[in-house]
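# Close look at the chain arrangement
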Amino acid sequence: CLWLPSQVNAHRCHSVIDPKIYLDNCVYDLCMNDGLKEMLCRALTAYADACRREGVDISEWRSLTGCTLPCSENSRYQLCGSACPATCNDRAAPSNCSSPCVETCQCNEGFVLDAGKCIPKAGCGCEFEGRLYAPGEQFWGDGTCMRRCICNPQTRQASCQVAGCRTGEQCRVEKGIQNCYPISYASCATSGYSHYRSFDGQRFEFQGTCQYQLAGLSKKSQELVDFRVLVQNARRGGRSVSFSKVVQVHVYGVETTVSWAYRGKIMVNGVLTNLPYQVGTGKISMYQRGWDAVIQTDFGLTVTSDWHSRATVTVPSTYAGALGGMCGNFNGDRSDEPAGKDGAGAGRSWRVAEPLGCGEVDVGACPELEALANRQRGINTECGIILEKTGPFRECHSKIDPEGFFLDCVSDYCASKGQLAVLGQVVTGYASACQAAGLTVYPWRYHVFWSECPLGRVPEPGYRTGQAGRHEATSWSPMHDPMPCFIPDEEEYL
Ligand SMILES: [Ca+2]
């Protein structure tokens, strides 16, 4: 610490600032920290800074005391450097600086300070209306997305041209970034054995076990990223009424498959992958949300699948009218759906692959469907829970029409002969749609005695809900027969 009075001030500072208190502090700090060198350097720096503030010119003391200051790349230590370093925004700053010099790391010749780093002068971007843009960076030159500019790395000048947002987009600021964003999104869903709801809101039934296009660009476009979502309903014989959807997404040259055969995981280009997973830097994100696997792209496409019976495709409004598949064309008109390619019937014409023995099935009306629907309408459990005015979905009814889900549920009830697991899937679909819209869903599973089979097992065939009735949460006990589950034969599932 005796360096304080000797080296640091080079005796010129003594008359201005008494080193005594600094010396005492130095000794105390060193003592408290077992002579840690860093404490010594801090004490010396404190005195040197105090002297400099008083305008006393002090000599280089760091190398003598071993308290050298680490400087980052492309910069060097300066005892008395400019307080106004050259930056990308102001390269002439040091010559106009009126502040006294400071001890600093100064950028080497040809380099300037940018975001705390010394970068080559040529690395500085373009200044445009008071803002700095990186070389090659593209940006909007106005607040209404009418002028698109690029920072030319050679000239370091921004050049702009007339541009605009695409159809279905609007210019706005999101997360601090002004850009063209979709005006809205539309969703298509397929669930259960045969239910479809198109982007334009048309409901229809189709049952087939081949692979079909759910959604995709109807013709190549320069402005829209090409993608295809395919679905296959696997319905095999065996002991249970087993069906499951295999959902495949093709985008950016990556093939992603979600299948019951590897529940909880995703196949990416043939490699079984754990979630979450990303391709590119956020170009495709895959993760699990609730019961669903979610595949999301950077251009607003979102595909979900519960690995079993439900799948949804959500697209931004930029794709309006440009799509084809079971999900329809998204032209805002539901009367032209379902439609196939070239006006042919939907379904068969969207076949993209024909696994051995696959085919389309006549859905066939359930003979007692109407009577069953009427019966279900009056009860507060099974399918009736979807419609119950004071039930767990009461806050959702006005926002998302429950009628379609109810009819899906009744039709599945009929097809599956009342299999509880199948009804649960439809009710889950309505619950998910409500939650996706930010609406509150109250507990419902105990009302239908729903329980899920453990991973890898399926409900025993013919398992019925029996005399299901309303049980309040407080009176519910797990005394009910658990759902009988068994491990399905491997070949029953794809
Ligand atoms: Ca349409």
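Residues numbered from 1 in each chain as written. Predicted model: local features only at pLDDT ≥ 70, side-chain atom pairs only at ≥ 80, totals over all residues.

The subject of this paragraph is the nonpolar core. Most often, soluble globular proteins keep nonpolar side chains buried together rather than apart. Ranked by internal contacts, the top residues of the largest apolar core, which has 38 residues, are Leu-214, Ala-215, Val-229, Val-313, Val-315, Met-326 and Cys-327. Put simply, the parts of the chain that give this core at least two residues each are strand E12 (185–191), strand E16 (211–217), strand E17 (227–236), strand E18 (242–251), strand E24 (292–297) and strand E26 (311–316). Sequence-distant contacts of Ala-215, defined by excluding residues within four places in its chain, comprise Cys-188, Val-229, Val-313, Val-315, Leu-323, Gly-325 and Cys-327. With 22 residues, the next largest nonpolar core counts Phe-405, Tyr-413, Val-422 and Val-427 among its residues. (Core = buried A, V, L, I, M, F, W, Y, C linked by C-beta atoms within 7 Å. Buried ≥ 20, exposed ≤ 12 C-beta atoms within 10 Å, placed from the backbone. Helix = DSSP H or I, 4+ residues; strand = E, 2+ residues; numbered from the N terminus. Contact = placed C-beta atoms within 7 Å.)

For the rest of this paragraph, the subject is helix H7 (residues 403–415). Compared with an ideal rise of 1.5 Å per residue, which puts 13 residues at 18 Å, H7 spans 18 Å between its outermost C-alpha atoms and is within 8% of the ideal. Along H7, the positions that sit buried rather than exposed are Phe-405, Phe-406, Asp-408, Cys-409, Val-410, Ser-411, Asp-412, Tyr-413 and Ala-415. Positive phi appears at Lys-417, one or two residues downstream of H7, with a value of about 55°. (Expected span 1.5 Å × (residues − 1).)

This part is about the sheet that holds strand E22 (residues 277–279). Whenever strands of a sheet pair, they do so through backbone hydrogen bonds, lying parallel or antiparallel. Read from one edge to the other, the open sheet built from eight strands follows the order E14-E13-E12-E26-E25-E24-E23-E22, with strand pairing classed as antiparallel. If you trace the sheet from one side to the other, it starts and ends with strand E14 (203–205) and E22, each paired once. Sheet twist, expressed as the mean angle between neighbouring strand axes with direction ignored, is 15°. Bridge count between strand E23 (residues 284–289) and E24: six bridges; the pairing is antiparallel. Bridge pairing links Ile-284 to Thr-297 in E24. (Pairing = 2+ DSSP bridges. Axes fitted to C-alpha atoms, helices over the stretch in contact; angles between N-to-C directions.)

To continue, consider the sheet that holds strand E8 (residues 147–152). Spatially, E7-E8-E9 is the arrangement adopted by the three strands of the open sheet, whose pairing is antiparallel. In this open sheet, the two edge strands, each paired with only one partner strand, are strand E7 (138–140) and strand E9 (157–162). Adjacent strand axes in the sheet meet at a mean angle of 30° when their direction is disregarded. The pairing of E8 with E9 spans six bridges and is antiparallel.

It is worth spelling out helix H2 (residues 20–32) at this point. Along its 13 residues, H2 runs 18 Å from first to last C-alpha, staying within 8% of the 18 Å computed at 1.5 Å per residue. Looking one or two places after H2, you find Asp-34, whose phi comes out positive at around 50°.

So, on to unusual backbone geometry. Following Leu-275, the chain continues into Pro-276 via a peptide bond in cis, with omega recorded as -5°. Following the sequence through the fold, Pro-276 ends up in the loop between strand E21 (271–273) and E22. Positive phi, normally seen in glycine, also occurs at Lys-175, with a value near 50°. Mapping Lys-175 onto the fold places it in the loop between strand E10 (169–174) and strand E11 (177–182). Exposure remark for Lys-175: the 5 C-beta atoms within 10 Å place this residue in the exposed category.

Before going further, it helps to spend a moment on the packing of H2 against helix H3 (residues 37–53). The geometry of H2 relative to H3 is characterised by a closest axis approach of 9 Å and an angle of 165° between their N-to-C directions. Put simply, H2 runs roughly antiparallel to H3. Where H2 crosses over H3, the handedness of that crossing is right-handed. From H2, Tyr-22, Asn-25, Cys-26, Asp-29 and Leu-30 reach across to H3, where they touch Met-39, Leu-40, Ala-43, Ala-46 and Tyr-47. (Parallel < 35°, antiparallel > 145°, perpendicular 65-115°, else oblique. Left-handed = near helix turned anticlockwise from the far one by under 90°.)

It is worth spelling out the confidence of the model for the protein chain at this point. Here the protein chain shows a mean pLDDT of 82. Residues at 70 or above account for 85%. Mean pLDDT values over the elements of the protein chain span from 53, in strand E30 (residues 458–459), up to 96, in strand E19 (residues 254–258). Per-residue pLDDT stays below 50 along residues 237–242; that stretch engages in 15 contacts with residues further than four places along the chain or on separate chains. Here residues 489–494 is a poorly scored stretch, pLDDT under 50, and it has 13 contacts once near neighbours within four places are set aside; other chains count. (pLDDT = per-residue confidence, 0-100.)

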